[in-house]
Amino acid sequence: GQQLNQSPQSMFIQEGEDVSMNCTSSSIFNTWLWYKQDPGEGPVLLIALYKAGELTSNGRLTAQFGITRKDSFLNISASIPSDVGIYFCAGALFQGAQKLVFGQGTRLTINP
Amino acid sequence: SAVISQKPSRDICQRGTSLTIQCQVDSQVTMMFWYRQQPGQSLTLIATANQGSEATYESGFVIDKFPISRPNLTFSTLTVSNMSPEDSSIYLCSVLLAGVGGNEQFFGPGTRLTVL
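Residues numbered from 1 in each chain as written. Chains lettered and ligands numbered in written order. Predicted model: local features only at pLDDT ≥ 70, side-chain atom pairs only at ≥ 80, totals over all residues. Heavy atoms only, no water.

Regarding unusual backbone geometry
This is how it is decided: A run of DSSP states H or I qualifies as a helix once it reaches four residues; a run of E qualifies as a strand once it reaches two. Both are numbered from the N-terminal end.
Following Ser 7 of chain A, the chain continues to Pro 8 of chain A via a peptide bond in cis, the omega torsion being -5°. Within the secondary structure, Pro 8 of chain A sits in the loop between β1 (5–7) and β2 (10–14). The amide bond that connects Lys 7 of chain B to the next residue, Pro 8 of chain B, takes the cis arrangement and shows omega of -10°. Position of Pro 8 of chain B relative to the elements: it lies in the loop between β1 (4–7) and β2 (10–13). Positive phi values are uncommon outside glycine, yet Arg 69 of chain A reaches one of about 70°. You can see Arg 69 of chain A is positioned in the loop between β7 (61–65) and β8 (71–76).

A short note on the nonpolar core
The following threshold applies: Nonpolar core, defined: a set of buried Ala, Val, Leu, Ile, Met, Phe, Trp, Tyr and Cys residues in which side-chain atoms within 4.5 Å join the residues together. Burial classification: accessible surface area is computed with a 1.4 Å probe over protein chains only, and a residue below 20% of its type maximum counts as buried, one above 50% as exposed, and the rest as partly exposed. Working rule for contacts: check all heavy atoms of both residues, and any pair within 4.5 Å makes them a contact.
The biggest cluster of nonpolar side chains holds 48 residues, and the ones touching the most others in it are Tyr 35 and Phe 102 of chain A together with Tyr 35, Ile 46 and Val 95 of chain B. Of the residues forming this core, the biggest block, seven residues, is contributed by strand β9 (residues 89–98) of chain B. Residues in contact with Phe 102 of chain A, not counting those within four places in the same chain, are Gln 3, Leu 4, Tyr 35, Phe 88, Cys 89 and Ala 90 of chain A together with Tyr 35, Ser 42, Leu 43 and Phe 107 of chain B.

Let's talk about the state of the cysteines
We apply this condition: In plain terms, two cysteine sulfur atoms within 2.5 Å form what is called a disulfide here.
Tallied over the full model, the rule gives two disulfides over all chains. Disulfide pairing is shown between Cys 23 of chain A and Cys 89 of chain A; the S-S distance is 1.7 Å. Disulfide Cys 23 of chain A to Cys 89 of chain A: torsion about the S-S bond roughly -85°, handedness left-handed. Residue Cys 23 of chain A is located in strand β3 (residues 19–24), and its partner Cys 89 of chain A is located in strand β9 (residues 85–92); the two are separated by 66 residues in the primary sequence. The burial state of Cys 23 of chain A is the same as that of Cys 89 of chain A; both residues are buried. In this model Cys 13 of chain B remains outside any disulfide bridge; the closest cysteine sulfur is found in Cys 93 of chain B, 17 Å from its own.

Quick word on the interface of chain A and chain B
To be explicit about the condition: In short, buried area is how much 1.4 Å probe accessible area vanishes from two parts on joining, totalled over both. Salt bridges are identified by distance alone: a Lys or Arg side-chain nitrogen within 4 Å of an Asp or Glu carboxyl oxygen.
Chain A puts 21 residues into the contact, and the matching count from chain B is 21 residues. Approximately 1600 Å² of surface area, both sides summed, lies buried where chain A meets chain B, with 56% of it carried by carbon and sulfur atoms. Here chain A is connected to chain B by one salt bridge. For Glu 58 of chain B, the salt bridge goes to Lys 99 of chain A, with nearest N and O atoms at 3.0 Å. Secondary structure elements with two or more residues in the side of chain A that touches chain B: β4 (31–37), β5 (44–49) and β10 (100–102) of chain A. No other element matches β4 of chain A, which puts four residues into the side of chain A that touches chain B.

Some thoughts on the pattern of salt bridges
All names here are of chain A. In this structure the tally under the stated criterion is four salt bridges over all chains. The closest approach of N and O atoms between Asp 83 and Arg 60, which form a salt bridge, is 2.8 Å. Note that Asp 83 is positioned in the loop between β8 and β9 and Arg 60 in the loop between β6 (55–58) and β7, a separation of 23 residues in sequence. Classification of Asp 83 by relative accessible area gives buried; the value is 5%.

Description of the pairing of β9 of chain A
Each regular strand displays side chains that alternate between the two surfaces of the sheet. Residues and elements named next belong to chain A. Where we set the bar: For two strands to count as paired, DSSP must find a minimum of two bridges between them.
Counting buried residues along β9, eight of its eight residues qualify, which places the element largely inside the surrounding structure. Two strands pair when backbone bridges link them, and β4 and β9 are joined in this way by seven bridges, in the antiparallel orientation. The residue bridging Lys 36 from the neighbouring strand is Tyr 87, located in β9. In this sheet, β10 lies alongside β9 in antiparallel orientation, the contact comprising three bridges. Counted as the bridge partner of Gly 91 is Val 101 from β10.

Here we look at the packing of aromatic side chains
As a reminder of what qualifies: The rule is short: rings of Phe, Tyr and Trp, with Trp giving its six-membered ring, pair when the centres are within 6.5 Å, and they are stacked under 30 degrees, edge-to-face over 60, tilted in between.
What the rule picks out here adds up to nine aromatic pairs over all chains. With 5.4 Å between their ring centres and 85° between their planes, Tyr 35 of chain A and Phe 107 of chain B make a pair best called edge-to-face. Of this pair, Tyr 35 of chain A sits in strand β4 while Phe 107 of chain B is found in strand β10 (residues 103–107), placing the two residues in two different chains. For the pair formed by Tyr 35 of chain A and Phe 107 of chain B, the shared burial category is buried. When the ring of Phe 88 of chain A is compared with that of Phe 102 of chain A, the centres are 6.3 Å apart and the planes differ by 80°; the resulting orientation is edge-to-face. Of this pair, Phe 88 of chain A sits in strand β9 while Phe 102 of chain A sits in strand β10, and the two are 14 residues apart along the sequence. We note that Phe 88 of chain A, like Phe 102 of chain A, is buried. By way of ring pairs, the aromatic residues Tyr 35, Phe 88 and Phe 102 of chain A together with Tyr 35 and Phe 107 of chain B are connected into one cluster.

The structure is reproduced here in structure tokens:
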């Protein structure tokens, strides 16, 4: 099925560094959602974006809804060990079918 | 948000058998979804399950293989039928809720299925 292009696929960083990941799509979305998944758990919603150009923060996390409505990025500042996990972007029209399309995920590893 | 539970949390099954996964939500929701996440992969939507109507399946998924029930607004089941090792995955239910700015989708903890 359709997927978003999420990059990078993996990141290996030092504790305290900032992190940036992004998603792009050939389709326009009305909603972008960012999730984090820990091993053995379901994805947890981090940030939801609803308007083109919207910039939203959740603690050390900041995400933006691209102006073209075809992309979004997530930044994590001053990374800490508990940030380790897999981050997924998801786009949705939330009209009609109300379906989410997921990116391939970014696996974040932090060296203490 | 919503509190979503799934049963079982994990299971190991023999090929040819069937497993029914339950999803319980702590509030009434109209739209529920079932996803599959194969090892090391992203999430793929299996079907949308709305109370009072037949489930809507995505391309590549059929009702005979993945029958779904949605008897009320807080509960749904997904059955993985006639299982093969290729069905080994994490199966996740999710619900759609109205957030402050728009709709949000929340996930259950998943059911990890291994088929031998």
